[in-house]
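Okay, here's what each chain looks like letter by letter:
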Amino acid sequence: MAMAGGAAIAALLLELAFFALIVALLVLGIRALLKYLRGGPARQQSAAVRRSLAQAIAQERTRCGMTQEFVAGQLGVSRQAVSKWERGESEPSTSNLLALAELFGVPAAQLLESAAPPEG
């Protein structure tokens, strides 16, 4: 009889631990969802910065009368990489951004200022 009582307590503790695990996972899931939902404005701002940097790169390249292929050759990257920068699908590394500014004959800050997020 004492053995049956001990087994029942062990089973109850096991069920309680399982329930606590489910609750903890549920709380973590809700926190992650809330963090994702609150991050929307930051994702939108990041996309806007990417688009404006892309526009600045494309605008400077065309102003200088350079092709994507020429720019790519000067920087040692593929033409596809330059194309992705200009479409906002990716961003140039810091060293490539500095090289772009030098190639275009403008300060790097000028490229970055056009990519600055809107105030407010």
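So, here is what we can say about the structure in this document. (Residues numbered from 1 in each chain as written. Predicted model: local features only at pLDDT ≥ 70, side-chain atom pairs only at ≥ 80, totals over all residues. Heavy atoms only, no water.)

### Structural notes on the nonpolar core
Step number 1: Ranked by internal contacts, the top residues of the largest apolar core, which has 17 residues, are Ile57, Val71, Trp85, Leu100, Phe104 and Leu111.
Step number 2: Elements supplying a minimum of two residues to this core: helix H2 (40-63), helix H3 (68-75), helix H4 (79-87), helix H5 (94-104) and helix H6 (108-113).
Step number 3: Element by element, the count of residues in this core is highest for H5, at four residues.
Step number 4: Look past the residues within four positions of leucine 100 in its chain and what remains in contact with it is Ile57, Val71, Leu75, Trp85, Pro92 and Leu111. (Core = buried A, V, L, I, M, F, W, Y, C linked by side-chain atoms within 4.5 Å. Buried < 20%, exposed > 50% of the residue type's maximum accessible area, 1.4 Å probe, protein only. Helix = DSSP H or I, 4+ residues; strand = E, 2+ residues; numbered from the N terminus. Contact = heavy atoms within 4.5 Å.)

### A short note on the pattern of salt bridges
Step number 1: Across all of its chains, the model carries three salt bridges by this definition.
Step number 2: Of the charged contacts in the structure, one is a salt bridge between glutamate 86 and arginine 61, with a shortest N-O distance of 2.5 Å. Remark: arginine 61 occurs in helix H2 and glutamate 86 occurs in helix H4; sequence separation between them is 25 residues. Take glutamate 86 and arginine 61: they sit in the same class, and that class is buried. (Salt bridge = Lys/Arg side-chain N within 4 Å of Asp/Glu carboxyl O.)

### As for the packing of H3 against H4
Step number 1: Two numbers describe how H3 lies on H4: the axes approach to 8 Å, and their chain directions differ by 115°. Between H3 and H4, the angle is such that the two are roughly perpendicular. The way H3 lies across H4 gives a crossing that is right-handed. Contacts from Gln68, Glu69, Val71, Ala72 and Leu75 of H3 reach H4 at Arg79, Val82, Ser83, Trp85 and Glu86. (Axes fitted to C-alpha atoms, helices over the stretch in contact; angles between N-to-C directions. Parallel < 35°, antiparallel > 145°, perpendicular 65-115°, else oblique. Left-handed = near helix turned anticlockwise from the far one by under 90°.)

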